[in-house]
There are 6 protein chains.
Amino acid sequence: MPRVSVTRRVHFSAAHRLYRPGWSEEKNREVFGECANPNWHGHNYELDVTVEGELDGETGYVLDLKRLRDVVHASVVRDVDHRNLNLDVDWMSENPTTENLVVAIWERIRPRLPEGVELKRLVLRETPRNYVEYEGG
Amino acid sequence: MPRVSVTRRVHFSAAHRLYRPGWSEEKNREVFGECANPNWHGHNYELDVTVEGELDGETGYVLDLKRLRDVVHASVVRDVDHRNLNLDVDWMSENPTTENLVVAIWERIRPRLPEGVELKRLVLRETPRNYVEYEGG
Amino acid sequence: MPRVSVTRRVHFSAAHRLYRPGWSEEKNREVFGECANPNWHGHNYELDVTVEGELDGETGYVLDLKRLRDVVHASVVRDVDHRNLNLDVDWMSENPTTENLVVAIWERIRPRLPEGVELKRLVLRETPRNYVEYEGG
Amino acid sequence: MPRVSVTRRVHFSAAHRLYRPGWSEEKNREVFGECANPNWHGHNYELDVTVEGELDGETGYVLDLKRLRDVVHASVVRDVDHRNLNLDVDWMSENPTTENLVVAIWERIRPRLPEGVELKRLVLRETPRNYVEYEGG
Amino acid sequence: MPRVSVTRRVHFSAAHRLYRPGWSEEKNREVFGECANPNWHGHNYELDVTVEGELDGETGYVLDLKRLRDVVHASVVRDVDHRNLNLDVDWMSENPTTENLVVAIWERIRPRLPEGVELKRLVLRETPRNYVEYEGG
Amino acid sequence: MPRVSVTRRVHFSAAHRLYRPGWSEEKNREVFGECANPNWHGHNYELDVTVEGELDGETGYVLDLKRLRDVVHASVVRDVDHRNLNLDVDWMSENPTTENLVVAIWERIRPRLPEGVELKRLVLRETPRNYVEYEGG
């Protein structure tokens, strides 16, 4: 059977600041600029979750996108939407750059996917002009 | 010469239902949910057709995008736009999931491309939140 | 207090055909073109519901957008999403052009809004290139 | 000369929480739901600033959009981008709902416009599905 | 019958420069900045043409959007698409600012509309961040 | 450390014509159609620049996107924005098709990237329906 990729897009809104605890405020401000603002700022994040697998000859699905949506909501969106990425998310211990966030989301979703489909790619948009991609490499 | 990918985006609007003939209405409703509605529903589909080839040193084209558009219209859009994917499209005999549809479109476009360019990727969006990708694998 | 307009955007996917019962198939085809296809076609509709009212000095809301969303879901989206606009929607007896649909949606939402806010504008998009607006006039 | 409206779109990213100081945390949570999270959340805001005026027969401009952009940056974007709307913005003393924010932005921009153009409309988008409009009424 | 607005969106790609013939190159550069580049620059323009009228009780249309599209193509798009707005368009004698262009387009479309519908609004986007609106005032 | 791709999107507006100097005007018109208009036309180009590298364990960045933006502005955007691609850009000697342009942009950006990150992909959109991709192959 052909292998096809299917993608579900989800959104969440969160606060964060870029900040490395071992550094002074001055050093953080120097490296992270306005993103280091101690009073936080925030974004509407857009996340595209892409899984790949063989077409199921009976259903014509790779997997039911509702099932993918449920995995992504239960393991990611519920924890980060309307939250503070530095303070409220126990699986996000690193400085919440978009790069660190996409890697942490990968680790949340991959073990929860049904058998027979593999996580292929995450695209995480932080602003209309900046986004990151991760393929597990 | 460098190899570049060029993409043409097209749109079509179609009705469909997700339905497996060998199953009861109850079973279809259980597996496909509201998508099994016997009176149909529909979508604005957005299709990105990507071909790859060497730059032609004379024209600076991989291929004239008008030519790609004409192939896609004649072999796909004309048959599915303002049509019912279950009833009106003779090359679409499978349950018209987005996955089955993208594979069928691949088989329509690939043999009709000019020599020297290869079909690299199709992206088919069914809603703003759901899309599939196929690379012929 | 200042008067502000607030908008909630919702989506639904539906099948329809443009068809006037008193006319022959030929006449329907002549007037409505491909939109008259007897086997239906469909769209992803995007609806912007705009209400206007005074700011509430206590909450800073005109109204809670979750409440507006619930009204729109209960009175419109639940009835039309994954449905056939000609066959499945009891409050849609006219030929389901975008114009007739937006007027029928207006009549559904207006009487269900909380006191103190008025329905100001509906924008209903049928395709990326075509949309209608209604202000109750 | 004809009167034309011209619009400049700007973006900013900010943290906030919806919170009324005179209320208990429970009451705030009850009214504002997840938006009351004490650790904040945030958004990418998109603001369309529309001014109207007569065409200048010499330049063919209503006003130079670079000038409008500079007014909006100096009076709004510089103060709110990468900031906390509850803590960092001295002209934002109300609960930072989108409604209160758009009214406060109106008061910032209107007195700073050049003579001969009037502020006609602000559209402020908080998420892809929610936005507010204000015309000074 | 209810009055509804219907909109058709069209696109065109054109070159232009902002330039007032009676002024020196220095003065043009001072007022119009990079837009005065003597070797031209260009844009993908997006034009929303909105007409308003009573619903026709027989068809459920205000007017057939194909008819509106044909008027807009014949009177505007055919003349400006892949053209130079300063050199190639005989009905565009003014400095081709977006403001002057939208007024000239209004004069092209209005007299060509069918009876019973009125031109209500044009929105002309020059870049993702800049657009103008004209209502004939 | 994980390898992540990060993308910065930039925009520029330029005029061009498709034209091969060794050919007659008739031949150019025959091959390039309206794109050969001697008086030029133009576009709003959208360019996504994607680089890949290892996460830096200290900052959580692959690279600071402001640094990537500065490289792209200094080596590409400054030279092409509000310019004529045939006349004004000394590093663009080929016929300015989107394919030739994306290859030339690749050669501009690649040698200017900081050590440890590699240029992975460019996506260059010329219109909402046409875009090209280049991965240096």
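Thresholds applied
- Residues numbered from 1 in each chain as written.
- Chains lettered and ligands numbered in written order.
- Predicted model: local features only at pLDDT ≥ 70, side-chain atom pairs only at ≥ 80, totals over all residues.
- Heavy atoms only, no water.
- Helix = DSSP H or I, 4+ residues; strand = E, 2+ residues; numbered from the N terminus.
- Buried < 20%, exposed > 50% of the residue type's maximum accessible area, 1.4 Å probe, protein only.
- Contact = heavy atoms within 4.5 Å.
- Buried area = accessible area lost by both parts, 1.4 Å probe.
- Salt bridge = Lys/Arg side-chain N within 4 Å of Asp/Glu carboxyl O.
- Least-squares fit on C-alpha atoms with pLDDT ≥ 70 in both.
- Polar contact = N/O pair within 3.5 Å; in protein donor to acceptor, adjacent residues only side chain to side chain.
- Nonpolar A, V, L, I, M, F, W, Y, C, P; charged D, E, K, R; others polar.
- pLDDT = per-residue confidence, 0-100.
- Pairing = 2+ DSSP bridges.
- Expected span 1.5 Å × (residues − 1).

Right, let's get into the overall build of chain A. Counting its regular elements, chain A contains three helices and five strands. Going from N to C terminus, chain A has its helices and strands arranged as β-α-β-α-β-α-β-β. Along the three orthogonal principal directions, the C-alpha set of chain A runs to about 60 × 25 × 25 Å. Buried positions account for 62% of the 137 residues belonging to chain A. A sequence separation of at least 24 residues applies to 67% of the contacts in chain A between residues at least 6 apart.

Turning our eyes to something else, we now look at the interface of chain F and chain E. On the side of chain E, 22 residues touch chain F, which itself brings 22 residues to the contact. Each partner contributes to the roughly 1,700 Å² buried at the junction of chain F and chain E, and carbon and sulfur atoms together form 47% of this total. Linking chain F with chain E are two salt bridges. E34 of chain E is the salt-bridge partner of R83 of chain F, the closest N and O atoms lying 3.4 Å from each other.

It is worth spelling out the relation of the copies chain F and chain E at this point. You can overlay chain F on chain E at an RMSD of 0.0 Å; the transform is a turn of 180 degrees with a shift of 0.0 Å along its axis. Taken together, these values place the two copies in the relation of a two-fold axis. Interface overlap between copies: 100% of the residues of chain F at the interface are likewise at the interface in chain E, consistent with a symmetric, same-surface contact.

Taken together, the contacts link 22 residues of chain A with 22 residues of chain D. Buried area between chain A and chain D, both sides added, is near 1,700 Å², and the carbon and sulfur share of it is 46%. Summed over the shared surface of chain A and chain D, the result is two salt bridges. For the pair chain A and chain D, the interface holds 19 residue pairs in polar contact (both at pLDDT 80 or more). For the side of chain A that touches chain D, the per-class residue count stands at six nonpolar, eleven polar and five charged.

Per-residue confidence for chain A gives a mean pLDDT of 97; residues scoring 70 or more make up 100%. Listed scores for the predicted complex are pTM 0.97 and ipTM 0.96.

As a further point, take the relation of the copies chain A and chain D. Superposition of chain A onto chain D requires a rotation of 180 degrees combined with a translation of 0.0 Å along the rotation axis, giving an RMSD of 0.0 Å. Looking at the interface residues of chain A, 100% of them are also at the interface in chain D, so both copies use one shared face.

So, on to the pattern of salt bridges. Residues and elements named next belong to chain F. Applying the stated rule across the entire model yields 78 salt bridges over all chains. Between R125 and E46 there is a salt bridge; the shortest N-O distance is 3.3 Å. Separated by 79 residues along the polypeptide, R125 in strand β4 (residues 117-127) and E46 in strand β2 (residues 41-54) bring together distant segments of the chain. Linking R110 and E107 is a salt bridge whose minimum nitrogen-to-oxygen distance equals 3.6 Å. The exposure class assigned to R110 is partly exposed, which follows from its relative accessible area of 45%.

In terms of burial, strand β5 (residues 130-134) of chain D is a largely internal element, five of the five residues being buried. Every second residue of β5 of chain D is oriented toward a common face, with N130, V132 and Y134 of chain D on one face and Y131 and E133 of chain D on the other, all of them buried. Across four bridges, strand β1 (residues 3-16) of chain C lies against β5 of chain D in antiparallel orientation. Within β5 of chain D, the residue paired with T7 of chain C across the bridge is Y131 of chain D. Two elements, strand β4 (residues 117-127) of chain D and β5 of chain D, share five bridges in a ladder whose sense is antiparallel. By the bridge assignment, T127 of chain D is partnered in β5 of chain D with N130 of chain D. With antiparallel pairing between neighbouring strands as the criterion, β4 of chain D and β5 of chain D make up a hairpin whose turn holds two residues.

Taking 1.5 Å as the rise per residue, helix α2 (residues 65-80) of chain A with 16 residues should run 22 Å; its terminal C-alpha atoms sit 21 Å apart, in good agreement. Turning to α2 of chain A, its buried residues number three or more, namely L65, L68, V71, V72, S75, V76, V77 and V80 of chain A. In this structure, the buried residues of α2 of chain A make contact with β1 (3-16), β2 (41-54), β3 (83-84) and α3 (98-109) of chain A together with β5 (130-134) of chain B. Of the residues that open α2 of chain A, the one with a side-chain oxygen 3.0 Å from the backbone nitrogen of K66 of chain A is D64 of chain A.

Once that is clear, we can look at the arrangement of the chains. Chain A shows no contact with chain C. Their nearest C-alpha atoms sit 15 Å apart. A minimum C-alpha distance of 15 Å separates chain D and chain F, which share no contact.

Attention shifts here to the environment of M1 of chain B. Residue and element names in this part refer to chain B. Counting through the fold element by element, M1 comes out in the segment before β1 (3-16). Measuring from C-alpha to C-alpha, the distance between M1 and E54 comes to 5.8 Å, with 53 residues separating the pair along the chain. Apart from the residues within four sequence positions on either side, M1 is in contact with E54, L55 and G57.

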